[in-house]
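Spelled out from the first residue to the last, the chains are:
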Amino acid sequence: MDERLLSPAVEASYFDGRTSRLYRVTLAVHDGVAQVRGEARRDSPLGELRVSERSQRALRKVTFPDGAYLEVRDLAGMTALLHTTGHSDSWVVRIQHSWRGALAAAACTLALVGLGYVYVLPVAADWLARIMPPSMEHQLGQGVLALLDQRVFQPSRFSDQRMAELTARFRQLQPPTGGAPDWRLVFRHSRIGPNAFALPSGDIVLTDEMVRLLKDDEAVMGVLAHELGHLHQHHMTRRVIQGAVVTAGAAMLFGDVSSLLTTAPAALLDMKYSRDAEREADDYAIAMLRHNGIPLAHLAAVFEQFQKLEHEHGVQMNAYLSSHPATDERIAHVRAAMRQ
C-alpha cells in the first residue's frame, strides 16, 4: 500500500439518511476514495461527496449522494485530511477567514452600493417612471394624498370662489412645449406652513399658507408652473421609485421597516429633488411664464420671498424651502433668463 495515498483518519458521526441512528465511525481517504469504517462501513469516490465550508466553530459535514452524511467535530483533523486530498477552500471562504479580505470585501460592497445609488438607480428610476402606466401613477398619488390628509393637512379655508379663480387662471396658461400632463389643483390648509408639490397622480397640492405668503396670483402661477414641470418630467415618481428601492434594501439589511412606513407621509413632503430636477422644473416654469406673457419678475419674487423667510426663520421652519435647495442660485438663474 502506498502510504502517500492514505490520509490520517478522523473520528466522525455517520447518519444513513433513513433513520435517526448515529454510527460512530472514522473517515479516511485512500487512493481518491473516502472510506468509512466502524459501526458503519461504506466507500465512495471523492468526486461524489459534498463538503461544507470551513468555519471557526461549526462542525464539518460530508454529504453522500444518497443523502447520508458525516458530521466531523475534529476541525483540525478534517482540515489535515482534506489537505492530503488536494482540496482547497473557495476564495469566498478564504476572504471570510481573513480580516484583510473581509475589510476589502466590505469596502468593495460599499463602493458598489454607492455607485449604484448615485448613477444606476436614478437612470433605472427614470426609465421605470416613464413606462409606468398612468393608472398606477394615479393610484400611487391618491394613496399618498389620503395619508397626508389624515396626518398633515386639513380642508382649505379658502372659499370655493377663490379656489375656482386660481384654478381657472392656471388652466388658461398654455404649456411651453407640446401637451401638458393631466393635472388637478388641490387646496389644503397645512400645519407645516407654506407648501406646494405635485403627486404622481397629477394632483398639484397648494396650501393656503403659500397663497397668502406670495400675495400675488401671478407669482402663484409661477409656483404652479414649477410643479407642473415636476409632473412633466415624472420627478416625484422617480423619487418614489428610488425611495422604494432604498426601503427594500433597508428591509433586507435590517428586517422590520414598520417605523419607516409610519413616517412615509412626512418624508414625502420633505423629499428633496436633485439639483438637476429643480433646474429642469425651474426652466419649465420660466418657459411657461414667458410663453404666456407673464413677466419673469413674478417668479423671481417667489424665490426672493423664500429667501426672506430663510433669513428670518431658517429653512427648518419652512417645508417648501427644505425640499427646494439653493435659493440664491435659483434667483440668479431666473434673473439671467430675464436678461436674455
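The name recorded for the chain in an unreviewed UniProt entry is M48 family metalloprotease, from Duganella margarita.

By the alternation rule, side chains of strand 7 (residues 69-72) split into L70 and V72, which are all buried, and Y69 and E71, of which none is buried. Bridge analysis of strand 1 (residues 10-15) against strand 7 gives three bridges, and the strand direction is antiparallel. Within strand 7, the position partnered with S13 by the bridge is E71. Hairpin connection between strand 6 (residues 60-63) and strand 7: a loop of five residues separates the two successive antiparallel strands, and G67 in this loop has a positive phi of roughly 100°.

Summed over all chains, the structure comprises seven aromatic pairs. Look at F15 and Y69: their rings are 5.1 Å apart centre to centre, the planes differ by 25°, and that puts the pair in the stacked class. Highlighted residues: F15 in strand 1 and Y69 in strand 7, separated in sequence by 54 residues. An aromatic cluster is defined as three or more aromatic residues linked by ring pairs; in this entry it consists of Y14, Y23 and F64. Cation over ring: R42 sits above F64, and NZ or CZ is 4.2 Å from the ring centre. Here R171 stacks its cationic end above the ring of W183, 4.2 Å away from the centre of that ring.

Spatial ordering of the open sheet is given by 4-3-2-1-7-6-5, a layout of seven strands whose pairing is antiparallel. Looking along the sheet, the strands with just one partner apiece sit at the ends: strand 4 (42-45) and strand 5 (50-51).

Here we take up helix 5 (residues 160-172). Over its 13 residues, helix 5 runs 18 Å from end to end, which matches the ideal 18 Å to within 8%, given 1.5 Å per residue. Residues of helix 5 that are buried in the fold lie against strand 9 (184-190), strand 11 (203-207), helix 6 (208-214), helix 7 (217-232) and helix 11 (275-291).

F170, I204, L206, V220, M221, L224 and L228 are the most contacted members of the largest nonpolar core, which totals 40 residues. At eight residues, helix 7 tops the list of elements feeding residues into this core. With sequence-adjacent residues up to four places away left out, V220 is seen in contact with L166, L206, V211 and L214. Counting residues in each nonpolar core, the second largest holds 19 residues, with L27, A34, A68 and L81 among its members.

Next up on the list: the packing of helix 11 against helix 14 (residues 327-339). With their axes 11 Å apart at the nearest point, helix 11 and helix 14 run at an angle of 35° to one another. By crossing handedness, the relation of helix 11 to helix 14 is classed as right-handed. Listed contacts from helix 14 to R275, E278, R279, D282, D283, I286 and R290 of helix 11 are E329, R330, H333, V334, A337 and M338. Across the contact of helix 11 with helix 14, the residue classes break down as four nonpolar, one polar and eight charged.

Another aspect to go through is the sheet that holds strand 10 (residues 196-198). Spatially, four strands are ordered 8-9-11-10 in an open sheet, and the strand pairing comes out mixed. The sheet is open, and its two borders are formed by strand 8 (153-155) and strand 10, each paired with just one other strand. Looking at each pair of strands side by side, their axes are set apart by 40° on average, direction ignored. Sheet topology note: the strand 9/strand 11 ladder contains five bridges and is parallel. Looking across to strand 11, one finds that V186 is bridged to V205.

Take the environment of P155 next. Within the fold, P155 resides in strand 8. Of the residues examined, P155 reaches a relative accessible area of 63% and is grouped as exposed. Once the C-alpha coordinates of P155 and R188 are considered, the two residues, 33 residues apart in sequence, prove to be 5.2 Å apart.

Criteria and cut-off values
Residues numbered from 1 in each chain as written. Predicted model: local features only at pLDDT ≥ 70, side-chain atom pairs only at ≥ 80, totals over all residues. Heavy atoms only, no water. Buried < 20%, exposed > 50% of the residue type's maximum accessible area, 1.4 Å probe, protein only. Helix = DSSP H or I, 4+ residues; strand = E, 2+ residues; numbered from the N terminus. Pairing = 2+ DSSP bridges. Phe/Tyr/Trp six-rings, centres within 6.5 Å; stacked < 30°, edge-to-face > 60°. Lys NZ or Arg CZ within 6 Å of the ring centre and 35° of its normal. Expected span 1.5 Å × (residues − 1). Contact = heavy atoms within 4.5 Å. Core = buried A, V, L, I, M, F, W, Y, C linked by side-chain atoms within 4.5 Å. Axes fitted to C-alpha atoms, helices over the stretch in contact; angles between N-to-C directions. Left-handed = near helix turned anticlockwise from the far one by under 90°. Nonpolar A, V, L, I, M, F, W, Y, C, P; charged D, E, K, R; others polar.

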